[in-house]
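Working through the structure, step by step
What follows is the residue order along each chain.
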There are 2 protein chains.
Amino acid sequence: MKLAFIGLGVMGFPMAGHLQQGGHEVCVYNRNADKAADWVSRHGGTSAATPALAAKDADMVMLCVGNDDDVRTVVYGDEGVLAGIKPGALLVDHTTTSALLAEELAVAANKAGARFIDAPVSGGQLGAENGALTVMVGGGEADVAEATPVLAAYGKKVTRLGPVGAGQRCKMVNQICVIGAVQGIAEGLMIARKAGLDIPTLIEVLAGGAAQSWQLQNRAQTMAEGRFDFGFAAQWMHKDLGICLDEAEQQGLTLPLTEHVHKVYEKLLADGFGRCDSTVVIKDLES
Amino acid sequence: MKLAFIGLGVMGFPMAGHLQQGGHEVCVYNRNADKAADWVSRHGGTSAATPALAAKDADMVMLCVGNDDDVRTVVYGDEGVLAGIKPGALLVDHTTTSALLAEELAVAANKAGARFIDAPVSGGQLGAENGALTVMVGGGEADVAEATPVLAAYGKKVTRLGPVGAGQRCKMVNQICVIGAVQGIAEGLMIARKAGLDIPTLIEVLAGGAAQSWQLQNRAQTMAEGRFDFGFAAQWMHKDLGICLDEAEQQGLTLPLTEHVHKVYEKLLADGFGRCDSTVVIKDLES
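How each quantity is defined
- Residues numbered from 1 in each chain as written.
- Chains lettered and ligands numbered in written order.
- Predicted model: local features only at pLDDT ≥ 70, side-chain atom pairs only at ≥ 80, totals over all residues.
- Heavy atoms only, no water.
- Helix = DSSP H or I, 4+ residues; strand = E, 2+ residues; numbered from the N terminus.
- Rg over C-alpha atoms; globule rule 2.2 N^0.38 Å.
- Contact = heavy atoms within 4.5 Å.
- Areas by Shrake-Rupley, 256 points an atom, 1.4 Å probe, with all protein chains shown as cover.
- Lys, Arg positive; Asp, Glu negative; His and termini not counted.
- Charge placed at Lys NZ, Arg CZ, Asp CG, Glu CD.
- Expected span 1.5 Å × (residues − 1).
- Buried < 20%, exposed > 50% of the residue type's maximum accessible area, 1.4 Å probe, protein only.
- Axes fitted to C-alpha atoms, helices over the stretch in contact; angles between N-to-C directions.
- Left-handed = near helix turned anticlockwise from the far one by under 90°.
- Nonpolar A, V, L, I, M, F, W, Y, C, P; charged D, E, K, R; others polar.
- Pairing = 2+ DSSP bridges.
- Right-handed = clockwise from strand over helix to strand, strands pointing away.
- Salt bridge = Lys/Arg side-chain N within 4 Å of Asp/Glu carboxyl O.
- Least-squares fit on C-alpha atoms with pLDDT ≥ 70 in both.
- Buried area = accessible area lost by both parts, 1.4 Å probe.
- Polar contact = N/O pair within 3.5 Å; in protein donor to acceptor, adjacent residues only side chain to side chain.

A count of helical and extended segments in chain A gives 14 helices and 9 strands. The C-alpha radius of gyration of chain A comes to 20 Å, within 12% of the 19 Å expected for a compact globule of 287 residues. In terms of its C-alpha atoms, chain A occupies a principal-axis envelope of roughly 65 × 45 × 35 Å. Considering only contacts in chain A between residues 6 or more positions apart, those separated by 24 or more positions represent 66%. Within the structure as shown, chain A displays about 10800 Å² of accessible surface, and the carbon and sulfur contribution to it stands at 50%. Charged side chains in chain A number 23 positive and 33 negative. The centres of these two groups are separated by 2 Å.

This is the structure we're talking about:
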């Protein structure tokens, strides 16, 4: 199948590679053209000078960029995806964005004679590299069914949650569950460290019961050691929680934990910890 | 071995039963004597009119009561455990208490010629009934080694975390990790329900990644359904978080999530939800 992939960041670069290796003809676009050239030299395929040109012949166009505004930049305007997209083509957004943007893009894609699904991912850089992402999809049933075998190139699990926007809302729930677990571990570790408990033993004991979590088993040790030079950057979690809080506001909800942790990231970003793993929230308790 | 078991609540009743079934001679004491009589009629063994009388011949005395004050009531005074305990006997406290109480009891036990270890449990009523509790132990190495084969009657995992008080501090970390996961799930579910996401599908997707937790897999569905007529009571979690906050204050720590959720339970208790499962925190977001 002819595909376009817009955005070759730490996620998009390996994701587009999996598509090309899977036998598709992929044309990539990246804001920084050097990275696109690097991608072509590694994976084959082609690159284009604008999103519109990348999308021109594609049956499916994937996006994986930074935030709502980045998506608008590559989708709209004379050089944007929708200026070049084929009638009937399917636009797939892997960016974590607001659900409102997903709904807006669906309308815009339809006006351009195309279709849209939102498909944010979880699993991080490692998941992207290993083709083991979880893909949370919102869109029409037929559209999602059509995309699923293609997304399987990097998605070990591709699940439709509901209509357009449902993928983004599922991702929001995911992030809020993550920061709940992380904040709990951070506060617990503060007591544990002051008390001199042996952290590996503590983790092993807690992992056997109701306190068990992926975060406990994969991040509590590094948090206790103060190691944050890996993983999912605090600046991205800050962005994602902002999206959650906007959604909550629109729904008339108050989410105290999410608000608190969002503020903690704000402070951490101001203090220069934005590129640290998101478990760096424990630093706020140490000050 | 001759054992005494003080406190036949939802946890202590089956725990003492496992000891008797394991071939020990157990003498029980309970504030409400009817329950002690019921226990004897079901399990054999004997009961005593006071903690001191129950402890009189025992090599090991287990406590499992409500809170710090309840422990003091059954341990101190003319009728308390330490008034009757044999020289060299080992006092084991399964109650979730402050670490300060554990340290105080160790001193008091030594004065009475006995020894002490703190051994709070997790795994709930079901874990107690099935003999599948996690036992977090603080105490001298030799004392813990001596107790371990006995505690194995109801502890599928018995782990020494450090000196007296380390068991209680480990339990505190456990509870804080639990409420972090639960509060995250609660806030995420608010968005999910408003968006009309299918909850079982959502849970399945999230359980495959970094948002996975025991609470997500065992409590998110019941939380979404508003079912709280089971599990670990909000009033007990409120008590446990109070212990955590006291410990934090002594250590000079501020724990914002723990403080917030403790306040939420305070409100829920005032509104009559104290006997609901501790996941009832989601109700605070609905109001």
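Now that the structure is up, let's keep going.
A few words on helix α9 (residues 166-195) of chain A. All names here are of chain A. Here α9 is 30 residues long and its end C-alpha atoms lie 44 Å apart, about the 44 Å a rise of 1.5 Å per residue gives. Burial analysis of α9 places 27 of its 30 residues in the buried class, which makes it a mostly covered element. A positive phi of about 75° marks Gly196, the residue just after α9.

Let us now look at the packing of helix α12 (residues 234-251) of chain A against helix α13 (residues 256-270) of chain A. Residue and element names in this part refer to chain A. The N-to-C vectors of α12 and α13 enclose an angle of 145°; their axes lie 9 Å apart at closest approach. Both α12 and α13 take part in a crossing whose hand is left-handed. Seen from α12, the contacting residues are Ala234, Gln235, Met237, His238, Leu241, Gly242, Cys244 and Leu245; seen from α13, they are Thr258, Glu259, Val261, His262, Tyr265, Glu266 and Leu269. Residues that form the contact of α12 with α13 fall into these classes: 8 nonpolar, 5 polar and 2 charged.

Residue and element names in this part refer to chain A. Pairing of strand β5 (residues 90-93) with strand β6 (residues 115-118) involves 4 bridges; the strand directions are parallel. Within the sheet, the bridge partner assigned to Asp93 lies in β6 and is Asp118. Chirality of the crossover, the property in question, places the unit of β5, helix α6 (residues 99-111) and β6 among those that are right-handed.

Residue and element names in this part refer to chain A. Scanning the model with the defined rule gives 30 salt bridges over all chains in all. The salt bridge involving Glu146 is made with Arg115; its shortest N-O contact spans 2.9 Å. Of this pair, Glu146 sits in helix α8 (residues 141-151) while Arg115 sits in strand β6; the two residues are 31 residues apart in sequence, bridging distant segments of the chain. Overall, the relative accessible area of 36% leaves Glu146 in the partly exposed class.

Of the two same-sequence chains, chain B is brought onto chain A (RMSD 0.0 Å, axial shift 0.0 Å) by a rotation of 180°. Given the turn and translation reported, the copies of this chain are related as if by a two-fold rotation axis. When the interface residues of chain B are mapped onto chain A, 100% of them again fall at the interface, so both copies present the same face.

For the rest of this paragraph, the subject is the interface of chain B and chain A. In this assembly, 55 residues from chain B lie in contact with 55 residues from chain A. Considering only the surface of chain B that becomes buried against chain A, Glu187, Ile191 and Val205 of chain B emerge as the three largest contributors, covering 14% of it. Put simply, chain B and chain A have 2 salt bridges between them. Lys157 of chain B is paired through a salt bridge with Glu204 of chain A; the nearest N and O atoms lie 2.8 Å apart. Run the count over chain B and chain A and you get 13 residue pairs in polar contact (both at pLDDT 80 or more). Among the elements that take part in the side of chain B that touches chain A, helix α9 (residues 166-194) of chain B stands out by supplying 20 residues, more than any other.

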